[in-house]
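Listed here are the chains, written in short residue letters.
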Amino acid sequence: MGWLWAIIVGFVLGLIAKAVIPGKQHIPLWLATICGMIGAIAGNAIARGFGIEETSGIDWGRHIFQLGAAIVAVLLAEMLYTAMKRRKHERV
């Protein structure tokens, strides 16, 4: 069940990150999901570093860190994906 939740949270974070970033991102949905999963893991680690542990109710601080990390991951993935795609087309 843990993997299912990781995929669901990654999917949602990836979509939100793509929506927040201005312009059109060309990365596929599966890559945005992976970026969201990476963002969730990194955001949890950053929140723990700032002393934000699980609280009763909604952990808004932790979620903000997760979304911020997902946005950074999507931006990096977008840059790498478009650079790789461009290099592939230059070879042909």
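Details of the structure are given in the entry above.
Quantities reported herein were computed from a predicted structural model and do not represent experimental measurements.

A.B. asks: Can you lay out the side chain of T33 for me, pointing to particular residues and giving the numbers?
C.D. replies: Here T33 is to be found in helix 2 (residues 29–49). When sequence neighbours within four positions are dropped, the list of residues in contact with T33 reads I7, G10 and F11.

A.B. asks: Give me the lowdown on the pattern of salt bridges, citing residues and values where you can.
C.D. replies: For side chains bearing opposite charge, pairing can occur when the charged atoms are close. Applying the stated criterion across every chain yields a total of one salt bridge. In this structure, R62 and D59 form a salt bridge, with 3.1 Å as the shortest nitrogen-oxygen distance.

A.B. asks: Describe helix 2, and please don't skip the residues or the numbers.
C.D. replies: Given 3.6 residues to a turn, an α-helix orients residues that are three or four positions apart in the same direction. Taking 1.5 Å of rise per residue, the 21 residues of helix 2 would be expected to cover 30 Å, and the 30 Å separating its terminal C-alpha atoms lies within 8% of that figure. Among all positions of helix 2, only L31, A32, T33, C35, G36, M37, G39, A40, G43 and A47 are buried. Those residues of helix 2 that are buried are in contact with helix 1 (2–20) and helix 3 (60–91). G51, located one to two residues past helix 2, shows a positive phi value of around 85°.

A.B. asks: I'd like a rundown of the environment of A42, residues and numbers included.
C.D. replies: Within the secondary structure layout, A42 lies in helix 2. Accessibility expressed as a relative area gives 29% for A42, which makes it partly exposed. Taking the C-alpha atoms as reference points, A42 and F65, 23 residues apart in sequence, are found 8.1 Å from one another.

A.B. asks: An account of the side chain of Q25 is requested, with residue identities and associated values reported.
C.D. replies: Inspection of the secondary structure assignment puts Q25 in the loop between helix 1 and helix 2. Within the structure, the side chain of Q25 is placed 3.5 Å from the backbone oxygen of I21, a separation counted as a polar contact. A distance of 3.2 Å separates the side chain of Q25 from the backbone oxygen of G23, its partner in a polar contact. Setting aside its immediate chain neighbours within four residues, Q25 contacts K18, V74 and E78.

A.B. asks: Explain helix 3 residue by residue, including any values.
C.D. replies: With 32 residues, helix 3 extends 46 Å between its outermost C-alpha atoms, agreeing within 8% with the 46 Å of an ideal straight helix rising 1.5 Å per residue. The complete set of buried residues in helix 3 reads Q66, A69, A70, I71, A73, V74, A77, E78 and T82. Those residues of helix 3 hidden inside the fold are in contact with helix 1 and helix 2.

The rules behind each value
- Each residue is numbered by its place in its chain's sequence as written, counting from 1.
- Residues qualify for local features only when their pLDDT is at least 70, as the model is predicted, and side-chain atom pairs are given and counted only at 80 or more; totals for whole chains, interfaces and linings, by contrast, use all residues.
- Excluded from the side-chain calculations are hydrogens and water; all other atoms, namely the structure's heavy atoms, are used.
- Elements are defined by DSSP. Helices are runs of H or I of four residues or more, strands are runs of E of two residues or more, and each kind is numbered from the N terminus.
- Any two residues having at least one pair of non-hydrogen atoms within 4.5 Å are treated as being in contact.
- Whenever Lys or Arg places a side-chain nitrogen within 4 Å of a carboxyl oxygen from Asp or Glu, that contact is recorded as a salt bridge.
- What a helix should span is 1.5 Å times the count of its residues minus one.
- Each residue is assigned to one of three classes by its accessible area relative to the maximum for its type, calculated with a 1.4 Å probe on protein chains only: buried under 20%, partly exposed between the two thresholds, exposed over 50%.
- In protein, a polar contact means a hydrogen-donor-capable atom and an acceptor-capable atom, both N or O and within 3.5 Å, with residues adjacent in sequence counting only if both atoms are side-chain atoms; elsewhere, any N or O pair within 3.5 Å suffices.

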